[in-house]
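Summary of the model geometry
The lines below spell out each chain.
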Amino acid sequence: VTTTSFTLNTLWVGLGGGRVIDFKAAVATAPGDIIIGGLFPIHEGVEESQNLSAPHASQCVRFNTDGFTQALAMIHAVESANRSPVLTTLGISLGYRIHDTCSDVTTALRASADFTQPTTDCGGGANTSTCPPPIMAVIGASSSEISIAVARQLNLELIPQISYASTAIILSDKKRFPAFKRTVPSDLYQTRAMVQLLSDSKWTWVGVVTTDGDYGRSALDSFVSQATASGICVAFKEILPNSLTSPDGKSAFRKAAATLLRNPNVKVVVSFARPTHMMYLYQELRGWGSVLGERVWVASDGWSSSKEVLGEMDLLDIGNVVGFSFKRGNLAPFHRYLMNLININDVIGNNSFLKEFYSLPNKSGDPGFGSSFIVPAKILLNNSHTNVVFSVEMAVSAIAHAVADICSKKDCKTPGTVQPWEVLGALRDSCFEMEGKSYTFDQKGDLNLGYDVTVWRSVRGAINVHDVVAEYHPINNSFKQNRIFNDGLGTDVVSVCSPSCEPGKFKKTAEGQHTCCYECINCTENHYSNNTDMDQCLSCDIKTEWSLEGSSGCTHKTLEFFSWQDGFAVVLLALAALGIALVLLVGALFLHHHQTPVVKAAGGPLSQIILLSLVGSFVSAVFFVGHPSSLQCKVRQVLFGLSFTLCVSCILVKSLKILLAFQLNPDLKDVLRHLYQPYAIICLCVALQVLTCTLWLVLQSPREKATVFPTTVLAECDEGSQVAFGVMLGYIAVLALVCFACAFKGRKLPQKYNEARFITFSMLLYLMSWLIFVPVYVTTSGKYLPAVEMVVILISNYGVLSCHFFPKCYVILFKKEHNTKSAFMKNIYEYSRKGITDSRSPPFALMTALYTLGILSNSFREVVTRNAFGSHEDCHRNGKPRVTSAADDMFIRVTSLRNCSPNKCSTQFK
């Protein structure tokens, strides 16, 4: 501990109980028209006293070269301002009175009493020779805690105070500190810059170390609140005691070091501690370089330029240091001033701090530095921090410009003409220049210039703390010219509580844990996360998208329908096309042979209507393929229903014709024959189906429907009313059943005319196929459901085509000898001979049936009707009835057999 050398100034301070004592303080002074006060931490603390019987001034200990350099920066700035045109043109000068705060609030308050006591004792600053000149402004202090205490005292006289390093957020409150200003940004911006750096570096799991006091706690609260808002978690908060000599001081440092070592995942530590506290903390961590070597220390402006904190350690012992420091200026004039300081005897004579600095023992232990000033000059140069010196110079420049504004309007040489509150008002409105740039205080009294981001580097054993790698701009909260990662710092440092959750997972935080500590849980089905560290999974649009568990994106569902490219569809379409072609060929063949007995027996014009209806039915099958639309859904069912109803109606007419020809009671034959109107029956049957389809389309028509499955979307037709769909198919089934019943009764017709067997078989095939269709249709789902109905339609169409037309085509093309009337009559003759012995099929009924089927002419039927049961014996007459065709002649011969005995007429048809 060194002994302080000082000049004596007696300060009278009123204490409680009316007692007045004096104390002695070391000062540095210089005369001037306007006197500026200064408060600097020239010593690191005060000596603890065990005697608390009476108030007394504590002894300052541990000379602080950094604080002394700051005081010299103020002296140099005042001398430079006195030489500047700002003051020389007005003929005024600035003086100063600098006190040592000894880094202690109580000592700082005793010193600041010197700035307010003369005004009080001398009656408001009257011109009295016994009173020292009043202080118009104060520069300092360095610590926020001291500045807060001093500011409350200076507020009593509204003496403006400009701090060059105090950054506590509370000092921006002008209601509580109206006279306080500063040339550095508030900690609000420093903590914001730190949080932005952590966010950019993806460091979300950090620790905080700070010094107890107003500054440390204010910075801690601001950092924690902003970090939490940005998703950064604070793993631990270590608050170091303000007093290094307190009983629990060492244990606090050991506890902080133990906390750091217990949290190896915390690779980044933010520190708002004082330089001395960081030095003690690093000493506790000495020897743990293997653990600390990967750690990044984010240093506040309080110690970001103080490489002394390392002591004898190296960066390898503690890790990387990223510091935030105030903006800096040109130090060359100040360095020249320090080198020439030995020759300025006047300054030395009025500066007790400089005398004490010279009296410090050198490294060899000898008292003083001797006659050479080279060694102490280097020490001062090494402890001159560019950012702090620049801030001090800006404070002096601001006061100089404010004084110049006042003195340009009044005579400032007369004592008492300028009051401190006038200087305060001028500071609020003045604009001053430094190194070609203009500066002004904002509404909160701050100069928010941003920060320089520095990285400590070890170059050949020397620590460089002034390597600026980035600039922080508080306006847009961003960094400019960021070389931090380009220089290799922090590229491998990962400071997170839990690893990042990859896309496809989300963070699940346990109750009571930090939000940065979580589990990575896979997203469930139909949910996804496409970024890292998402708090929750996003939902897929389940109508069109799907995803597996743990997916990072959604997959579009496959649209399924019975497409044109499907192999099964190609086969069915080919069969439908073949069916249309066959129908057209059969139609053309029947038109060409429309006068032949085979075509007439097949129904004549009705066969063409049946073929036309089959074309419509085959075409309706095509609408079951492809992406369904509402129009397509309506057309395919209605077209099939009407087409096949027309087909079955024509077949029904043919069945009724057979029934009329062979099975009805002869007494009712004439009556029913008059009621039998084929085309009217067809129109009536089709009209009922048209009514059904119309009601279906109007009330609840078929429409397109999308059925959503887990991974697919099925585009299909919703038939609308299932009842109407069933009625349509049931109506056709009823017609088919009637056809089947009527045709079954006509199964005894001669072979050449036997349509009944084909009708029976085709209707039976239709009914069986649709009976099978119903349960299959009800129980089947998927894109092949339309194919089921399509298959049944094709079976029904081919059944009609094969049973009704292909045998006739075979006779027309390959059995032409059977497609003649004589061939037909021969078959009738054979059937009639069977009918002679079989009373159930009389020949006359056969004749009527042949007429009904269109084989015999009407005139010949009337002749036979009159004579078939006459009294004459046709087989013995020489003359023969008049006939109109070979068929009529054959019929006469056949009917004549009724009255001939087998012996007489055996040779009739030889």
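Remember, predicted model here, so these are calculated numbers, not experimental data. (Residues numbered from 1 in each chain as written. Predicted model: local features only at pLDDT ≥ 70, side-chain atom pairs only at ≥ 80, totals over all residues. Heavy atoms only, no water.)

Some thoughts on the sheet that holds strand β18 (residues 451-459)
The cut-off we apply is this: DSSP-based pairing: two strands are paired if at least 2 bridges between them are found. Secondary structure counts use DSSP, requiring at least four H or I residues in a row for a helix and at least two E residues in a row for a strand, with both numbered from the N terminus. Lines are fitted to the C-alpha atoms to define the axes, a helix being fitted only along its stretch in contact, and any angle between axes, read from their N-to-C directions, falls within 0 to 180 degrees. Contacts were defined at the residue level, with two residues in contact if any of their heavy atoms lie within 4.5 Å.
Read from one edge of the open sheet, 8 strands run β12-β11-β13-β14-β15-β18-β19-β20, paired in mixed fashion. Each of the sheet's edge strands pairs with one partner strand only, and the pair in question is β12 (233-240) and β20 (478-480). Sheet twist, expressed as the mean angle between neighbouring strand axes with direction ignored, is 30°. Bridging between strand β15 (residues 320-325) and β18 involves 4 bridges; their strand directions are antiparallel. The residue bridging Phe 324 from the neighbouring strand is Val 453, located in β18. In the packing of helix α5 (residues 187-201) onto the sheet, the strands contacted are β11 (205-211), β13 (268-272), β14 (296-299), β15, β18, β19 (462-473) and β20, and the crossing angle to β13 comes to about 175°.

Quick look at the nonpolar core
Our working definition: Here, nonpolar core refers to any group of buried Ala, Val, Leu, Ile, Met, Phe, Trp, Tyr and Cys residues whose side-chain atoms link them within 4.5 Å. Relative accessibility thresholds used throughout: buried, under 20% of the residue-type maximum; exposed, over 50%; partly exposed, between the two (1.4 Å probe, protein chains only).
In terms of nonpolar packing, the biggest core is built from 96 residues, with Met 74 and Phe 223 touching the most fellow members. Of all the elements, helix α15 (residues 386-407) adds the most residues to this core, at 15 residues. When sequence neighbours within four positions are dropped, the list of residues in contact with Phe 223 reads Thr 191, Met 194, Val 195, Leu 198, Val 206, Val 208, Val 234, Val 270 and Phe 272. The next biggest cluster of nonpolar side chains, apart from the first, holds 69 residues, and it includes Val 586, Val 599, Cys 693 and Val 788.

Notes on the packing of aromatic side chains
What counts is decided by this rule: In this scheme Phe, Tyr and Trp rings, the latter by its six-membered ring, pair at centre separations within 6.5 Å, and the angle between planes marks the pair as stacked below 30 degrees, edge-to-face above 60, and tilted otherwise.
Across all of its chains, the model carries 30 aromatic pairs by this definition. Their ring planes at 25° and their centres at 5.2 Å tell us that Phe 40 and Tyr 164 sit as a pair that is stacked. Of the two residues, Phe 40 sits in strand β4 (residues 34-40) while Tyr 164 sits in the loop between β9 (161-163) and β10 (180-182), which places them 124 residues apart along the sequence. Just as Phe 40 is buried, Tyr 164 falls in that class too. Each residue in the set Phe 640, Phe 644, Trp 696, Phe 725, Tyr 766, Trp 770, Phe 773 and Tyr 777 is aromatic and connected to the rest through ring pairs, giving one cluster.

Here's the deal with the environment of Cys 537
Within the fold, Cys 537 resides in the loop between β23 (527-528) and β24 (538-539). Sequence spacing of Cys 537 and Pro 503 is 34 residues, and the spatial spacing of their C-alpha atoms is 9.5 Å. What Cys 537 contacts, discounting residues up to four positions off in sequence, is Phe 506, Cys 523, His 527, Tyr 528 and Ser 529.

What to know about the sheet that holds strand β7 (residues 94-100)
The strands that make up a sheet are held in pairs by hydrogen bonds between backbone atoms, and each pair lies either parallel or antiparallel. The 6 strands lie next to each other as β3-β7-β4-β8-β9-β10, forming an open sheet whose pairing is mixed. At either margin of the open sheet sits one strand with a lone partner, and together these are β3 (27-30) and β10. Strand-to-strand, the axes of this sheet are offset by a mean angle of 20°, without reference to chain direction. The pairing of β4 with β7 spans 7 bridges and is classified as parallel. In the sheet register, Ile 35 faces β7, and the bridge partner there is Gly 95. In this fold helix α4 (residues 144-154) packs onto β4, β8 (135-139), β9 and β10, with an angle of close to 165° to the strand it touches most, β9. Across the sheet, α15 touches β4, β7, β8 and β9, and the angle it forms with β8 is around 160°.

Notes on helix α22 (residues 678-700)
Put simply, the rule is: A helix is expected to span 1.5 Å multiplied by its residue count minus one.
Across its 23 residues, α22 extends 33 Å between first and last C-alpha, which sits within 8% of the 33 Å expected from 1.5 Å per residue. Within α22, burial applies to Ile 682, Cys 685, Val 686, Gln 689, Thr 692, Cys 693 and Trp 696.

Observations concerning unusual backbone geometry
A cis geometry characterises the amide bond from Gly 140 onward to Ala 141, with omega recorded as 0°. For Ala 141, the location among the structural elements is in the loop between β8 and α4. Its identity is not glycine, yet Ser 103 carries a phi of approximately 55°, on the positive side. Topologically, Ser 103 is positioned in the loop between β7 and α3 (105-121). Despite not being glycine, Asn 477 has its phi angle at roughly 50°, a positive value. The class of Asn 477 is partly exposed, set by a relative accessible area of 25%.

Some words on the state of the cysteines
To keep it simple, the criterion reads: Here, the term disulfide refers to a pair of cysteine sulfur atoms separated by no more than 2.5 Å.
Applying the stated criterion across every chain yields a total of 8 disulfides. Disulfide pairing places Cys 523 opposite Cys 537 at an S-S distance of 1.9 Å. Between Cys 523 and Cys 537, the disulfide has an S-S torsion of -80° and is therefore left-handed. Linking Cys 523 in the loop between β22 (519-522) and β23 with Cys 537 in the loop between β23 and β24, this pair joins segments that are 14 residues apart in sequence. A single burial state applies to Cys 523 and to Cys 537, both of which are buried. Counting only cysteine sulfurs, Cys 739 is the nearest neighbor of Cys 685, a cysteine outside any disulfide, at a range of 8.4 Å. Taking the relative accessible area as the measure of exposure, Cys 685 reaches 9% and is therefore buried.

Brief notes about the UniProt feature "transmembrane region" (unreviewed entry) in the chain
Rule in force here: UniProt positions are given in the numbering used here, feature names are shortened, and annotations may be inferred rather than shown by experiment.
If you check UniProt for "transmembrane region" (unreviewed entry), the listed places come out as residues 567-591, 603-626, 638-659, 679-699, 723-744, 756-778 and 784-806 in our numbering. Counted over residues 603-626, helix gives 75% and strand 0%. Its end C-alpha atoms are 37 Å apart. Here residues 723-744 runs as 100% helix and 0% strand, with 31 Å between its end C-alpha atoms.

Some words on the side chain of Ser 201
Cut-off, in case you're wondering: We call two N or O atoms a polar contact when they sit within 3.5 Å, provided that within protein one can donate a hydrogen and the other can accept it, with sequence-adjacent residues counted only if both atoms are side-chain atoms.
Within the element layout of this structure, Ser 201 appears in helix α5. On the accessibility criterion, Ser 201 (11% relative accessible area) is buried. A distance of 2.9 Å separates a polar side-chain atom of Ser 201 from the backbone oxygen of Leu 197.

Looking at the packing of helix α19 (residues 605-622) against helix α25 (residues 785-804)
Here is the rule: Roughly parallel covers angles under 35 degrees, roughly antiparallel covers those over 145, roughly perpendicular covers 65 to 115, and oblique covers all other angles. Handedness of a crossing is defined here by the sense of rotation of the near helix relative to the far one, left-handed for an anticlockwise turn of less than a right angle and right-handed for a clockwise turn. Each residue is assigned to one of three groups, with Ala, Val, Leu, Ile, Met, Phe, Trp, Tyr, Cys and Pro labelled nonpolar, Asp, Glu, Lys and Arg labelled charged, and all others, Gly among them, labelled polar.
Axis separation between α19 and α25 bottoms out at 9 Å; the angle between their running directions is 160°. On the basis of the axis angle, α19 is roughly antiparallel to α25. Of the two elements, α19 crosses α25, and the hand of that crossing is left-handed. When α19 is examined against α25, the residues Ile 610, Leu 611, Leu 614, Ser 617, Phe 618, Ser 620 and Ala 621 are found in contact with a partner set consisting of Met 790, Ile 793, Leu 794, Asn 797, Tyr 798, Val 800 and Leu 801. Of the residues in the contact of α19 with α25, the class split is 11 nonpolar, 3 polar and no charged.

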